[in-house]
Amino acid sequence: MILVTGASGNVGRALLECLQACGAATRAAYRDPRTTDRVIESGGRAVTLDLAVPDTLGPALDGVDTVFLLGATGPAQTTLELNMVEAARRAGARVVKLSVWRADEELTPIARLHRPVEEALIASGLPWTLLRPNFHLQNFLRQPSVREAGELRLPLVTAPISFIDTGDIARVAAHVLTTDGHDGRVYDLTGPKALTYAEAAAEFSDVLGKPVRYVGPADDEARAMMLGRGMPEFQADALIEVARAYRYGGADTVTSTVTDLTGRAPLGFADFVRQNRHVFE
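This one's a predicted model, so the numbers in the text were calculated from it and none came from an experiment. (Residues numbered from 1 in each chain as written. Predicted model: local features only at pLDDT ≥ 70, side-chain atom pairs only at ≥ 80, totals over all residues. Heavy atoms only, no water.)

Engineer: Residue-level account of the nonpolar core, with values.
Structural biologist: Counting residues in hydrophobic clusters, the biggest one holds 34 residues, and the most contacted among them are Phe 140, Leu 152, Phe 163, Tyr 197, Phe 204 and Phe 269. At the level of secondary structure, the elements contributing two or more residues to this core comprise helix 5 (109-124), helix 8 (197-208), helix 10 (233-246) and helix 12 (269-275). Broken down by element, the residue count for this core peaks at six residues, all from helix 8. Beyond its immediate chain neighbours, meaning those up to four positions away, Phe 163 contacts Phe 135, Leu 137, Phe 140, Thr 190, Gly 191, Lys 193, Leu 195, Tyr 197 and Phe 269. (Core = buried A, V, L, I, M, F, W, Y, C linked by side-chain atoms within 4.5 Å. Buried < 20%, exposed > 50% of the residue type's maximum accessible area, 1.4 Å probe, protein only. Helix = DSSP H or I, 4+ residues; strand = E, 2+ residues; numbered from the N terminus. Contact = heavy atoms within 4.5 Å.)

Right, here's the structure in full:
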């Protein structure tokens, strides 16, 4: 049985679809018991689990041999994921953790949330696998300015980034969760090509048939813009620091891991825009 934490997020939902398609026995974990009840009523396997409440972890792990570990990004993420690592250690369950790009180097605040959990897994004696994807393409879905003003407004980054679709992350995770040979492995996951934000704006223009330009505001302005869209202060500050870390390079590497593991090339930027053009038009 595979326990999928973060089941209500972009990666978690896509992962559940992949696992169900291949017939794997899965149990989806949700914080909200109402969501759990809806899933069970529709015939699915689900459990209410709060990583902040250790007493919920043991029952969720009953009969589970593998855990997909994905906590919500926030100041408490490290502590919450470490709670699951300890519970998995007691249960003797294998753990596949979704981490972030270059987490081992702790270059960004988000990487620094993930690295202690990676280290705990490595020291746990459990079978483990780490997935380190680059920036998610789905972050572009939170850009209403593309539709409203023909502008891609993101913190200033001049170097290319090898963006990856969460569906490709999910397909890799499903493969790793359901096949052997991945224990002790670290997989760096990227899309098929690295693009600058200006090049991404050009792709938007080509697909949507209207001019879209990249606007890279100063950090203070970008932070205010994100807060104005309702983003939590912690996350806005973290994204500004990520932009500073990769402003002139460091996120442009392209790997073949998605294709190597799944046999299918990752989604390209233009195809992502086509799939989601209803959001951008």
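Engineer: Please set out the environment of Ala 251 residue by residue, giving values where relevant.
Structural biologist: Note that Ala 251 resides in the loop between helix 10 and helix 11 (257-262). A sequence separation of 56 residues divides Ala 251 from Leu 195, and the C-alpha atoms of the two residues are 10.0 Å apart.

Engineer: Outline the pattern of salt bridges, supporting the account with residue identities and numerical values.
Structural biologist: Between side chains of opposite charge, a pair can form as their charged atoms come close. On inspection of all chains with the given rule, the structure shows 22 salt bridges. As a salt-bridge pair, Asp 183 and Arg 94 come within 3.6 Å of each other at their nearest N and O atoms. A residue pair is termed long-range when its members are at least 10 positions apart, and Asp 183 in the loop between helix 7 (166-178) and strand 8 (185-189) and Arg 94 in strand 5 (residues 94-98) qualify at 89 residues. Look at Asp 183 and you get partly exposed, because its relative accessible area is 46%. For Glu 233, the salt bridge goes to Arg 223, with nearest N and O atoms at 2.9 Å. You can see Glu 233 sitting in helix 10 and its partner Arg 223 sitting in helix 9 (residues 219-228), a full ten residues away along the chain. For Arg 223, a relative accessible area of 25% puts it in the partly exposed group. (Salt bridge = Lys/Arg side-chain N within 4 Å of Asp/Glu carboxyl O.)

Engineer: Residue-level account of the packing of helix 1 (residues 10-21) against helix 7, with values.
Structural biologist: Two numbers describe a pair of packed helices, the interaxial angle and the distance between the axes. At a closest axis distance of 8 Å, the pairing of helix 1 and helix 7 adopts a crossing angle of 50°. One finds that helix 1 runs oblique with respect to helix 7. Note on packing geometry: the crossing formed by helix 1 with helix 7 is right-handed. Mapping the contact onto sequence places Asn 10, Val 11, Ala 14, Leu 15, Cys 18 and Leu 19 in helix 1 and Thr 166, Gly 167, Ile 169, Ala 170, Arg 171, Ala 173, Ala 174, Leu 177 and Thr 178 in helix 7. Counted by class, the contact of helix 1 with helix 7 contains ten nonpolar, four polar and one charged residues. (Axes fitted to C-alpha atoms, helices over the stretch in contact; angles between N-to-C directions. Parallel < 35°, antiparallel > 145°, perpendicular 65-115°, else oblique. Left-handed = near helix turned anticlockwise from the far one by under 90°. Nonpolar A, V, L, I, M, F, W, Y, C, P; charged D, E, K, R; others polar.)

Engineer: So what's going on with the packing of aromatic side chains? Which residues, and what values?
Structural biologist: Applying the stated rule across the entire model yields 13 aromatic pairs. Taking 6.1 Å as the distance between ring centres and 70° as the angle between the ring planes, the aromatic pair formed by Phe 135 and Tyr 246 counts as edge-to-face. In this pair, Phe 135 sits in the loop between strand 6 (128-133) and helix 6 (144-149) while Tyr 246 sits in helix 10, placing the two residues 111 residues apart along the sequence. What makes Tyr 246 buried here is its relative accessible area of 3%. (Phe/Tyr/Trp six-rings, centres within 6.5 Å; stacked < 30°, edge-to-face > 60°.)

Engineer: Report on the layout of surface pockets, specifying residues and quantitative values.
Structural biologist: In this structure, the second largest pocket occupies an estimated 170 Å³ of space. Contributing to the lining of the second largest pocket are Asn 10, Arg 13, Ala 14, Glu 17, Gln 138, Asp 165, Thr 166 and Gly 167. Taken together, the elements giving at least two residues each to the lining of the second largest pocket come down to helix 1 and helix 7. Examining the composition of the lining of the second largest pocket, we find that four residues originate from one element, helix 1, more than from any other. (1 Å grid on protein atoms, 1.4 Å probe; cavity = no way out; pocket = protein on both sides within 12 Å on 5 of 7 lines; lining within 4 Å. Points joined across faces, edges and corners; volume = space filled by probe spheres on them.)

Engineer: Tell me what's going on with unusual backbone geometry, and back it up with residues and numbers.
Structural biologist: Of note in this structure, Arg 102 is not a glycine but carries a positive phi near 55°. Despite not being glycine, Glu 106 has its phi angle at roughly 50°, a positive value. When you line up the elements, Glu 106 lands in the loop between strand 5 and helix 5. Glu 106 gets classed as partly exposed once you look at its relative accessible area, which sits at 34%.

Engineer: Now, about the environment of Pro 33: what can you tell me, with residues and values included?
Structural biologist: By the secondary structure assignment, Pro 33 is in helix 2 (residues 33-41). Of the residues examined, Pro 33 reaches a relative accessible area of 43% and is grouped as partly exposed. Between the C-alpha atom of Pro 33 and that of Leu 49, which follows or precedes it by 16 residues, the distance is 8.5 Å.

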